Amino acid sequence: MKYLTIEDILIIAVGHVGNYQLLHENQLHYLIEAVSAKFGDTELFPIETHA
């Protein structure tokens, strides 16, 4: 699984919104870390894929 980086998210935001001011960058950092969190080798928030 490849997670989006903060840089990826900011590039997408510029593409969709244009110029903007990021008010709470620390919350974005937290979100990125929380989504990709693991306990040992187990993902805490696994993404289910359906074929």
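Draft legend 1. Fine view of the overall build of the protein chain. Along the backbone of the protein chain there are two helices and two strands. When the helices and strands of the protein chain are read in sequence order from the N terminus, they spell out α-α-β-β. Taken over the C-alpha trace, the protein chain has a radius of gyration of 14 Å; the compact-globule value for 51 residues is 10 Å, which it surpasses by more than 25%. By principal-axis analysis of the C-alpha atoms, the protein chain measures approximately 40 × 30 × 10 Å. Within the span of the protein chain, comprising 51 residues, buried residues form 6% of the whole.

Draft legend 2. Focus on helix 1 (residues 6-17). In this model helix 1 runs 16 Å from its N-terminal to its C-terminal C-alpha over twelve residues, within 8% of the 16 Å that 1.5 Å per residue would give. Remark: Gly-18 follows helix 1 within two positions and exhibits a positive phi of approximately 90°.

Draft legend 3. Region of interest: the packing of helix 1 against helix 2 (residues 25-35). Relative orientation of the contacting elements helix 1 and helix 2 amounts to 120°, with a least axis distance of 10 Å. In this view, helix 1 runs oblique relative to helix 2, as classed from their interaxial angle. Taken as a pair, helix 1 and helix 2 cross one another with a handedness that is right-handed. Contacts between helix 1 and helix 2 involve Ile-6, Ile-9 and Leu-10 on the former and, on the latter, Leu-28, His-29 and Ile-32. Of the residues that constitute the contact of helix 1 with helix 2, the class distribution is five nonpolar, one polar and no charged.

Draft legend 4. Spatial organisation of the environment of Lys-38. Among the structural elements, Lys-38 can be located in strand 1 (residues 38-39). Sequence separation between Lys-38 and Leu-10 is 28 residues; the distance between their C-alpha atoms is 24 Å. If we ignore the near neighbours within four places in the chain, the residues touching Lys-38 are Glu-43 and Leu-44.

Parameters at a glance
Residues numbered from 1 in each chain as written. Predicted model: local features only at pLDDT ≥ 70, side-chain atom pairs only at ≥ 80, totals over all residues. Heavy atoms only, no water. Helix = DSSP H or I, 4+ residues; strand = E, 2+ residues; numbered from the N terminus. Rg over C-alpha atoms; globule rule 2.2 N^0.38 Å. Buried < 20%, exposed > 50% of the residue type's maximum accessible area, 1.4 Å probe, protein only. Expected span 1.5 Å × (residues − 1). Axes fitted to C-alpha atoms, helices over the stretch in contact; angles between N-to-C directions. Parallel < 35°, antiparallel > 145°, perpendicular 65-115°, else oblique. Left-handed = near helix turned anticlockwise from the far one by under 90°. Contact = heavy atoms within 4.5 Å. Nonpolar A, V, L, I, M, F, W, Y, C, P; charged D, E, K, R; others polar.

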